[in-house]
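Each chain, written out:
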Amino acid sequence: RLVKEKVNVRYSSSVSREKALVEQLIKGPDSDNESAVLPEGTKVLSVSVKDHICYVNLDAGFLDTTNVMNPEVVNSIVDGSAISRVQILIDGKTDITYMGKINLEKPLSRNPNIVEGE
């Protein structure tokens with residue numbers, strides 16, 4: 001399950017809030033007792049927003065699930081902005097099934113069932 005962690009992040013006004021959130025997720029939690037939701041070393045190729053959908057284009061490092069606890073990054077992006085759904089792309093492609101169970105062809109919505117205390 002996801003555990004909420006509040007973090008103050010300073011970022012340049014030339015970087016979107018959504019991109020700063022994704023980069024923070026790659027950095028991982030401050031607590032040693034928690035695990036990251038995105039693999040360390042994942043590269044953010046681009047982040048854009050259109051019609052309340054955040055398009056997050058990551059490199060193939062995202063597919064390395066060796067040390068990742070949870071396949072959902074959507075909740076953090078939706079909770080931290082005015083976004084309603086997130087479309088994850090890997091090297092610009094959406095025809096991917098992540099961890100053998102999450103189809104990335106369509107935008108994903110927030111999932112409250114995976115958050116601790118909700």
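Keep in mind it's a predicted model, so treat the numbers as computed, not measured. Residue numbers run consecutively from 1 along every chain, following the written order of its sequence. Only residues with pLDDT of at least 70 are given local features in this predicted model, and only at 80 or more are side-chain atom pairs given and counted; all residues enter the totals for whole chains, interfaces and linings. The side-chain quantities take in all heavy atoms of the structure and omit both hydrogens and water.

Asks: What should I look at first to understand the packing of aromatic side chains in this one?
Replies: Both the distance between ring centres and the angle between the ring planes are used here to describe each pair of aromatic rings. In summary, the pairing rule links any two rings of Phe, Tyr or Trp, Trp by its six-membered ring, whose centres are within 6.5 Å, and it sorts them by plane angle into stacked for under 30 degrees, edge-to-face for over 60 and tilted for everything else. Counted by the stated rule, this structure contains one aromatic pair. Look at Phe-62 and Tyr-98: their rings are 4.5 Å apart centre to centre, the planes differ by 25 degrees, and that puts the pair in the stacked class. In this pair, Phe-62 is assigned in the loop between β2 (53–58) and α2 (74–79) and Tyr-98 in strand β4 (residues 97–98), connecting sequence segments 36 residues apart. Each member of the pair, Phe-62 as well as Tyr-98, carries the same accessibility label: buried. Helix and strand definitions follow DSSP, with helices as H or I runs of at least four residues and strands as E runs of at least two, each counted in order from the N terminus. A simple rule labels every residue: compare its accessible area, found with a 1.4 Å probe on the protein chains alone, to the largest value its type can have, and call it buried under 20%, exposed over 50%, or partly exposed in between.

Asks: Help me out: how do you make sense of the pairing of β2 in this one?
Replies: Two faces belong to every sheet, and in a regular strand the side chains alternate between them. Counting buried positions along β2 gives five out of six residues, so the element sits mostly inside the fold. Any two strands are treated as partners once DSSP identifies two or more bridges connecting them. In this sheet, β2 lies alongside strand β1 (residues 44–50) in antiparallel orientation, the contact comprising six bridges. Its bridge partner lying in β2, Val-49 is registered against Cys-54. As paired elements, β2 and strand β3 (residues 85–90) share six bridges and run parallel to each other. Within β3, the residue paired with Cys-54 across the bridge is Val-86.

Asks: Help me understand the side chain of Thr-42 in this model?
Replies: When you line up the elements, Thr-42 lands in the loop between α1 (17–27) and β1. Each polar contact in these results corresponds to two N or O atoms within 3.5 Å; when the atoms are within protein, one needs to be able to donate a hydrogen and the other to accept it, and residues that are neighboring in sequence are counted only if both atoms are side-chain atoms. There is a polar contact of 2.7 Å between the side chain of Thr-42 and the backbone oxygen of Pro-39. Here Thr-42 is in contact with Ile-26, Leu-58, Asp-59, Gly-61 and Phe-62, once residues within four sequence places are set aside. Note on contacts: a residue pair qualifies if any of its non-hydrogen atoms lie within 4.5 Å across the two residues.

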